[in-house]
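# Coordinate inspection notes
Listed below are the residues making up each chain.
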Amino acid sequence: MSISEKPMAHRSGLLGARRPWPVFQQPIGLVVYLVLLVSTALFLVGMAVAQTSITVFDVVLFAALVVCALVCLEAIRRIGVPAGVSRDLLGAWWLPAMLLLPPMYSLLMPIPVFLLQRRNRRGLLHRRVFNTASVGVSGFTASVLWHGSQGGLVAGIGGSVAAHQTLATVNGVFLALACCALFTLLNTALVFLAARFSTDNGGTPSMWDREALLVDSVELCVGVTVAILAQLSLFLLVIAVPPVLLLQRSLVYQQLQTAARTDPKTGLLNAPTWEREAAAQIARARSTRGRAAVLIVDIDRFKRVNDTYGHLFGDQVLLGVATTIAQQLRQSDLLGRFGGEEFVILLPGADVSEAWQAAERLRSQVGRMEIAVDDVPVSITVSVGVAVVGDHGDDLVELLTAADLALYRAKETGRDRVCLPAGRPEANERIPGPREGGQHEGNGPEELL
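Here the structure is a predicted model, which is why all the values come from computation and not from measurement.

## Let's talk about the overall build of the protein
On a plain count of helices and strands, the protein comes out with 16 helices and nine strands. When each of the 449 residues of the protein is scored for burial, the buried share is 47%. Summing over all exposed atoms, the protein offers an accessible surface of approximately 22,200 Å²; the carbon and sulfur share of this is 60%.

What follows is the structure, given as structure tokens:
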């Protein structure tokens, strides 16, 4: 697991103007955490070098594993990786280095891999440094435990010559899987802490789910298998590369499919995906005579926020509102970003009273959000339009039309409130989309008031 890179924007402004390094624009907690992690990695490198005897076989095996990792990395680059926290199968090469080579090589192996990323695409340097240190420290710790099981933890720092023979036994394979699992846990924990420190609103991406556990399990099995092949003969690494490439390609393809379904700024479902899934659930509710409600949530005076504090702060507001709303919903509820500063929610099984209470709870919680610019708190409120199946419409088009009219009522009557439609709207052939027009960026006529 690693934090993937976004290409750096081209520098703009006056010629010769000096900009602070991006790392110093991050939250102070993240900066301190990064410094501590890199310092720990450098200390471990020095200690490991002093304890390790370098052999020709180790150097050749290390070089072979690095080449295999670089081949896979180049294949990933050609496909493309979505931004954010991403999973890969580079562990297929980290793990054999951890099991077959002294722990020093686990610290060194990420360096050429992430240097190639620097050559292929410019990105935030501190993220690449973090990824290198995270993989290195995690691999070193697990490698010391693996080699230490043969002759003690202290002797394990320099590597154990019995590691190759142990891997050929059944007990050794299970021990190797346990050490590899420790590597995955440590690396995931380090990435989680970095994501935690990098967000001021406390929101962090999900690290563990059924799909993530499946990917990690596959990575462990592939890594140990490659280690056994490399132990038998270095030439067997050649036949290990194509299967790893195929698995990596399928994994990245799935991540790109997920990215195509979600909004990049908030991580919520995008409008087309939400509409497709909401329409299916509403049709199912109608066929079983069930209930469901649609909510449209709009951030009040969002254009004024962007104009006053800048679009970067506006993005923080969007993410903060999205996180706050998501925390108040049930697992069965469907939340998406409709466009601009609008969010849409489907509440399966909710009648008018339940939908109204849910909307009021969301409005109240967003109003309590703590978002500040230069330690100055900024108040954020939302208006909500509510429509219920059977009362205000029979399909998604009618419900969105009704909720949209209710949202306009909330805007016209003072904002920061929840409204129901005045009456049942006529069926419309067009699903209401995000507010159009760059001058008001989705806020409708409220900016004219």
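## Structural notes on the confidence of the model for the protein
Per-residue pLDDT for the protein has a mean of 80; in total, 79% of the residues score no lower than 70. Contacts of residues 2-19 to residues separated by more than four positions or lying in other chains number 35 contacts, the stretch itself having pLDDT below 50. This stretch, residues 424-431, has a pLDDT under 50; its non-local contacts, to residues over four places away or in other chains, come to 23 contacts.

## Some remarks on the pairing of strand E8 (residues 382-388)
Burial runs high along E8: seven of the seven residues are buried. Here E8 shows no split at all, with Val-382, Val-384, Val-386 and Val-388 on one side and Ser-383, Gly-385 and Ala-387 on the other all buried. Sheet analysis places strand E3 (residues 292-299) next to E8, joined by seven bridges and oriented antiparallel. Bridging from a neighbouring strand, Ile-296 pairs with Gly-385 of E8. Bridge count between E8 and strand E9 (residues 418-419): two bridges; the pairing is parallel. Within E9, the position partnered with Val-384 by the bridge is Val-418. In the classification by handedness, the crossover that spans E8, the intervening helix H16 (residues 396-412) and the parallel E9 is left-handed.

## As for the nonpolar core
If you look at the biggest cluster of nonpolar residues, it comprises 60 residues, and the most contacted ones within it are Leu-65, Leu-90, Trp-93, Met-98, Leu-99 and Met-109. Each residue touching Leu-90, except ones within four places of it in the same chain, is listed here: Ala-69, Cys-72, Leu-73, Val-113, Glu-219 and Gln-248. Formed by 33 residues, the second largest nonpolar core is a distinct cluster that contains Leu-268, Ala-322, Phe-343 and Met-369.

## So, helix H15 (residues 352-367)
With 16 residues, H15 should reach 22 Å at 1.5 Å per residue; the first-to-last C-alpha distance of 22 Å fits that figure. Along H15, the residues classified as buried are Ala-355, Ala-358, Ala-359, Leu-362 and Val-366. Each buried residue of H15 sits inside an arc of 100 degrees when the element is viewed along its axis, so together they form one side. Packed against the buried residues of H15 are E3, helix H14 (311-328), strand E5 (342-348), E8 and E9. By the N-cap criterion, in which a side-chain oxygen at the helix start approaches the backbone nitrogen of a residue two or three places on, H15 is capped by Asp-351, the distance to Ser-353 being 3.3 Å.

## Quick notes on the side chain of Asp-333
Position of Asp-333 relative to the elements: it lies in the loop between H14 and strand E4 (334-339). Within the structure, Asp-333 has its side chain in polar contact with the side chain of Arg-330 (distance 2.7 Å). Apart from the residues lying within four places of it in its own chain, the contact partners of Asp-333 are Leu-346, Leu-347 and Pro-348.

## Comments concerning the packing of helix H3 (residues 91-100) against helix H9 (residues 170-198)
Running from N to C, H3 and H9 cross one another at 125 degrees; their axes reach a closest spacing of 11 Å. Taken together, the axes of H3 and H9 are oblique relative to one another. H3 and H9 meet at a crossing whose hand is right-handed. Contacts between H3 and H9 involve Trp-94, Leu-95, Met-98 and Leu-99 on the former and, on the latter, Ala-176, Cys-179, Cys-180 and Phe-183. When the residues that make up the contact of H3 with H9 are grouped by side-chain class, the tally is eight nonpolar, no polar and no charged.

## What about unusual backbone geometry?
At Arg-301, a position not held by glycine, the phi torsion is positive, near 50 degrees. Tracing the chain through its elements places Arg-301 in the loop between E3 and helix H13 (302-309). Its relative accessible area of 33% is what places Arg-301 among the partly exposed residues. Positive phi, normally seen in glycine, also occurs at Arg-415, with a value near 65 degrees. As for its placement among the helices and strands, Arg-415 is situated in the loop between H16 and E9. Classification of Arg-415 as buried rests on a relative accessible area of 6%.

## Observations concerning the packing of H13 against H14
Where H13 meets H14, the closest approach of the two axes is 7 Å, and the angle between their N-to-C directions is 140 degrees. By the criterion of interaxial angle, the relationship of H13 to H14 is oblique. For the pair H13 and H14, contact is made by Phe-302, Val-305, Asn-306 and Tyr-309 and by His-311, Phe-313, Gly-314, Val-317 and Leu-318, respectively. Considering only residue class, the contact of H13 with H14 consists of six nonpolar, three polar and no charged.

## Points about the packing of aromatic side chains
Scanning all chains against the criterion turns up three aromatic pairs. Seen in terms of ring centroids, Phe-62 and Tyr-105 are 5.3 Å apart; in terms of plane orientation they differ by 50 degrees. Their pairing is tilted. With Phe-62 in helix H2 (residues 56-79) and Tyr-105 in helix H4 (residues 103-108), this residue pair connects regions lying 43 residues apart in the sequence. Tyr-105 matches Phe-62 in its accessibility class, with the two residues each being buried.

## Some details on the pattern of salt bridges
Scanning the entire structure with this criterion turns up 10 salt bridges. The shortest N-O distance in the salt bridge between Asp-315 and Lys-265 comes to 3.1 Å. Of this pair, Asp-315 sits in helix H14 while Lys-265 sits in the loop between helix H11 (237-261) and helix H12 (271-287), and the two are 50 residues apart along the sequence. Given the relative accessible area of 44%, Lys-265 is considered partly exposed.

Parameters at a glance
- Residues numbered from 1 in each chain as written.
- Predicted model: local features only at pLDDT ≥ 70, side-chain atom pairs only at ≥ 80, totals over all residues.
- Heavy atoms only, no water.
- Helix = DSSP H or I, 4+ residues; strand = E, 2+ residues; numbered from the N terminus.
- Buried < 20%, exposed > 50% of the residue type's maximum accessible area, 1.4 Å probe, protein only.
- Areas by Shrake-Rupley, 256 points an atom, 1.4 Å probe, with all protein chains shown as cover.
- pLDDT = per-residue confidence, 0-100.
- Contact = heavy atoms within 4.5 Å.
- Pairing = 2+ DSSP bridges.
- Right-handed = clockwise from strand over helix to strand, strands pointing away.
- Core = buried A, V, L, I, M, F, W, Y, C linked by side-chain atoms within 4.5 Å.
- Expected span 1.5 Å × (residues − 1).
- Arc of directions from axis to C-beta.
- Polar contact = N/O pair within 3.5 Å; in protein donor to acceptor, adjacent residues only side chain to side chain.
- Axes fitted to C-alpha atoms, helices over the stretch in contact; angles between N-to-C directions.
- Parallel < 35°, antiparallel > 145°, perpendicular 65-115°, else oblique.
- Left-handed = near helix turned anticlockwise from the far one by under 90°.
- Nonpolar A, V, L, I, M, F, W, Y, C, P; charged D, E, K, R; others polar.
- Phe/Tyr/Trp six-rings, centres within 6.5 Å; stacked < 30°, edge-to-face > 60°.
- Salt bridge = Lys/Arg side-chain N within 4 Å of Asp/Glu carboxyl O.

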